[in-house]
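Reading the structure
Read off the chains here:
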Amino acid sequence: MKFIEEDTVNDTTKRSKNEPAIPEQENDSAFAAEMEELKRDMHTAQLADWAQNNRQMLMAGVVAVLMALVGTSLWIEHGKSQKNSAATLYHQALVSSNDDDKRAMLELVIKDYGDTGYGSLAHLYLAKLGDREMHLKALIYGGNSAAELAWQARLDLAEWYLSTARVDEAKGLLSEPVGKQYEQLRHYLMAEAASDAAEKVMHLKKALDANSNDAFLKSRIEGMITDLGAAS
């Protein structure tokens, strides 16, 4: 019996030594992968269940997005159409030889297309034909004009105030700075509005140092500085 038991133990020991051992790390990796897959399946099932239970809400959301996209597209097309119509009417006004017709068409541009750039251009043109102060103020304070047009309107109105002896109103408009390309004219007009020679010379020198887009104006400023220097 003892030999039989020893043989049995020896066979079992040999068998256990010959059989390949399964690495514990591989078992753990396989188990982790299976758990991840199970989690993904559960998550997908949860999403599908949620979508089924909230189908009406999702459909309403899709419809809302589609309506927003269609609305935006229509608004863009409407804006393009408005600009094209405004451009056509504005250019018809410019080529008209009759001032009354020109004025009527430009006023229609302002009435129907005032929120486009052509509305601002119509105000600028009508300032020469009609109520200068009203149209220039519309450009300055209307809020629809490009900054450059508002600056030009401010200087034009200040110049008109000076020509009609409304000096204080002109100074009020000129007290605010404008774009660099307009600073020369602003300081020149401030010199025109100045009450004494020293202030006049100060603004003329600032005008001379500013960007110049008008050779005639620059020459005039230089001449005024020379004259004021000789007078002093």
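The rules behind each value
- Residues numbered from 1 in each chain as written.
- Predicted model: local features only at pLDDT ≥ 70, side-chain atom pairs only at ≥ 80, totals over all residues.
- Heavy atoms only, no water.
- pLDDT = per-residue confidence, 0-100.
- Contact = heavy atoms within 4.5 Å.
- Phe/Tyr/Trp six-rings, centres within 6.5 Å; stacked < 30°, edge-to-face > 60°.
- Buried < 20%, exposed > 50% of the residue type's maximum accessible area, 1.4 Å probe, protein only.
- Lys NZ or Arg CZ within 6 Å of the ring centre and 35° of its normal.
- Axes fitted to C-alpha atoms, helices over the stretch in contact; angles between N-to-C directions.
- Helix = DSSP H or I, 4+ residues; strand = E, 2+ residues; numbered from the N terminus.
- Parallel < 35°, antiparallel > 145°, perpendicular 65-115°, else oblique.
- Left-handed = near helix turned anticlockwise from the far one by under 90°.
- Nonpolar A, V, L, I, M, F, W, Y, C, P; charged D, E, K, R; others polar.
- Expected span 1.5 Å × (residues − 1).
- Arc of directions from axis to C-beta.

Chain-level statistics for the protein give a pLDDT mean of 78 and a share of 64% at 70 or above. The model gives residues 1-9 a pLDDT under 50, and that stretch makes zero contacts with residues more than four places away or in other chains. Taken as a whole, residues 12-17 scores under 50 in pLDDT and shows zero contacts with residues more than four places along the chain or in a different chain.

In the structure shown here, the tally under the stated rule is three aromatic pairs. Ring centres of Trp160 and Tyr161 lie 5.8 Å apart, and the angle between their planes is 40°; on these two criteria the pair is classed as tilted. Taking the relative accessible area as the measure of exposure, Trp160 reaches 25% and is therefore partly exposed. It is Lys128 that lies over the ring of Tyr125; its NZ or CZ is 5.9 Å from the centre.

A few words on the packing of helix H5 (residues 117-129) against helix H6 (residues 132-141). Where H5 contacts H6, the axes come no closer than 8 Å and their chain directions differ by 155°. Between H5 and H6, the crossing angle belongs to the class labelled roughly antiparallel. For the pair H5 and H6, the sense of crossing is left-handed. Counting all contacts with H5, which are made through Ser120, His123, Leu124, Leu126 and Ala127, the residues of H6 involved are Arg132, His135, Leu136, Ala138 and Leu139. In the contact of H5 with H6, the residues fall into six nonpolar, three polar and one charged.

Below, the discussion takes up H5. Relative to the 18 Å expected for 13 residues at 1.5 Å per residue, H5 spans 19 Å between its end C-alpha atoms, a close match to the ideal helical length. Residues of H5 that are buried: Gly119, Ser120, Ala122, His123, Leu126 and Ala127. The arc that holds every buried residue of H5, seen down its axis, measures 155°, which confines them to one face.

On to helix H8 (residues 167-174), then. Of the positions making up H8, those classed as buried are Ala170, Leu173 and Leu174. Looking straight down H8, one finds that the buried residues subtend no more than 95° of arc, so they occupy a single side.

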